[in-house]
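Observations on chain architecture
Here is what each chain is made of, one letter per residue.
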Amino acid sequence: GDSVTQTEGQVALSEEDFLTIHCNYSASGYPTLFWYVQYPGEGPQLLFRASRDKEKGSSRGFEATYDKGTTSFHLRKASVQESDSAVYYCALSDLGYQNFYFGKGTSLTVIP
Amino acid sequence: GALVYQYPRRTICKSGTSMRMECQAVGFQATSVAWYRQSPQKTFELIALSTVNSAIKYEQNFTQEKFPISHPNLSFSSMTVLNAYLEDRGLYLCGARISNTGQLYFGEGSKLTVL
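Okay, so let's go over this structure.

Cut-offs used in this document
Numbers given to residues run from 1 along each chain, matching the order in which its sequence is written. Chains carry letters and ligands carry numbers; both start at the beginning, A for chains and 1 for ligands, and go up in the order they are written. In keeping with the predicted nature of the model, local features appear solely for residues at pLDDT of at least 70, side-chain atom pairs appear and are counted solely at 80 or more, and the whole-chain, interface and lining totals rest on all residues. Side-chain numbers come from the whole structure's heavy atoms, not from hydrogens or water. Here, two residues are considered to be in contact whenever any of their heavy atoms come within 4.5 Å of each other. We define buried area as the total accessible area lost by two parts upon association, computed with a 1.4 Å probe and summed across both. Salt bridge, as used here, is a side-chain nitrogen of Lys or Arg placed within 4 Å of a carboxyl oxygen of Asp or Glu. By definition, any uninterrupted DSSP run of H or I lasting at least four residues is a helix, any uninterrupted run of E lasting at least two residues is a strand, and each is numbered from the N terminus. In plain terms, two cysteine sulfur atoms within 2.5 Å form what is called a disulfide here. Remark: exposure states derive from per-residue accessible area (1.4 Å probe, protein chains only) relative to the maximum for the residue type, with buried under 20%, exposed over 50%, and partly exposed in between. In this scheme, strands are said to pair when DSSP sees at least two bridges between them. Fitted lines through C-alpha atoms serve as axes, helices being fitted only where they are in contact, and the angles separating the N-to-C directions of these axes extend from 0 to 180 degrees. Between N or O atoms, a polar contact is any pair within 3.5 Å; within protein, one atom must be a potential hydrogen donor and the other a potential acceptor, and residues adjacent in sequence are included only when both atoms are from side chains. Each patch is assembled from residues with relative accessible area greater than 30% and no salt bridge, linking like charges that lie within 9 Å and nonpolar side chains (Val, Leu, Ile, Met, Phe, Trp, Tyr) that lie within 5 Å. To be clear on the numbers: accessible area is Shrake-Rupley with a 1.4 Å probe, and residue cover counts the displayed protein chains and nothing else.

1. Focus on the interface of chain A and chain B
Taken together, the contact between chain A and chain B spans 19 residues of the former and 20 residues of the latter. Across the chain A to chain B interface the summed buried area is about 1,500 Å²; carbon plus sulfur atoms make up 54%. Summed over the shared surface of chain A and chain B, the result is zero salt bridges. Of all the secondary structure elements, the ones that give two or more residues to the side of chain A that touches chain B are β5 (32–38), β6 (45–50), β10 (86–93) and β11 (100–102) of chain A. Per-element tally for the side of chain A that touches chain B: the top contributor is β5(A), with four residues.

2. Observations concerning the state of the cysteines
Following the criterion strictly, the structure yields two disulfides over all chains and no others. With its sulfur 1.9 Å from that of its partner, A:Cys23 forms a disulfide with A:Cys90. Across the disulfide from A:Cys23 to A:Cys90, rotation about the S-S bond amounts to roughly -65°, and the bridge is consequently left-handed. Of this pair, A:Cys23 sits in strand β4 (residues 23–26) while A:Cys90 sits in strand β10, placing them 67 residues apart in sequence. For the residue pair A:Cys23 and A:Cys90, the accessibility class agrees, reading buried in each case. Linked covalently through their sulfurs, B:Cys23 and B:Cys94 form a disulfide whose S-S length is 2.0 Å.

3. Concerning the sheet that holds strand β9 (residues 75–77) of chain A
Residues and elements named next belong to chain A. Taken in spatial order, the four strands of this open sheet run β3-β9-β8-β7, and their pairing is antiparallel. For this open sheet the edge positions go to β3 (19–21) and β7 (56–59), each flanked by a neighbour on one side alone. On average, each strand axis in the sheet is inclined to that of its neighbour by 20°, with strand direction left out of account. Relative to strand β8 (residues 62–65), β7 runs antiparallel, the two sharing four bridges. The partner of Ser58 across the bridge, within β8, is Glu63.

4. A short note on the sheet that holds strand β7 (residues 69–73) of chain B
Residue and element names in this part refer to chain B. Read from one edge of the open sheet, four strands run β1-β3-β8-β7, paired in antiparallel fashion. Each having just a single partner strand, β1 (3–7) and β7 make up the two edges of the open sheet. Put simply, the sheet's adjacent strands are angled 15° from each other on average, direction ignored.

5. A look at the side chain of A:Gln6
All names here are of chain A. For Gln6, the position within the fold is in strand β1 (residues 3–6). For Gln6, a relative accessible area of 6% gives the class buried. There is a polar contact of 3.3 Å between the side chain of Gln6 and the backbone nitrogen of Gly105. A distance of 2.8 Å separates a polar atom in the side chain of Gln6 from a polar atom in the side chain of Thr106. Setting aside chain neighbours within four positions, we find Gln6 in contact with Ile21, His22, Cys23, Trp35, Tyr88, Tyr89, Cys90, Gly103, Lys104, Gly105 and Thr106.

6. Describing a nonpolar patch on the surface
There is a patch of nonpolar side chains on the surface, built from B:Leu3, B:Tyr5, B:Tyr7 and B:Val26 and spanning about 350 Å² of accessible area. If you trace the backbone, B:Tyr5 turns up in strand β1.

Below, the structure is given as structure tokens:
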């Protein structure tokens, strides 16, 4: 079945560091890929999505490019801030939007 | 913009009692609603996917008898946790889907604590 695998566990960075959170997916066709962010005490919020090969999603300085060749959608940010501390989820929705799959989440802590 | 309100935000209940939570989509029509439980480790378990005018699809390990869901229209869904026990603790999230994007809009969750 379809699935999403992302960098698991906790990532600790200093402010202005470069961030990469890896996300790889397994699905047939062209699923829609998402990055969500969840701050403490809140529900997940959409950062951005992409649905075609080579499409780049971006928001708040974060970006990811849909790569069908490597089945990846890695999240990157050039310079993280303390306010970026949160849990990040890569997610996938299959064709027809019948199913939705989350990765296990990556907890980012940015140290000022 | 699209918003999803979920309430109550927190409930503390005694073991063996039940808790009902509600999910309201505002500003859009949700073609389907997915109910999740988030563990303390932050992973998501899909409980069920509810589509208006269709049968509710429960995932393995979750049943209608334990987690009955009502989804009467395109803006409202509710789920009850019946006979809650310690293993039912967690943050319950509803995600409302807009059909043309596949995106889920989430509420802030209903946190269940069982004593």
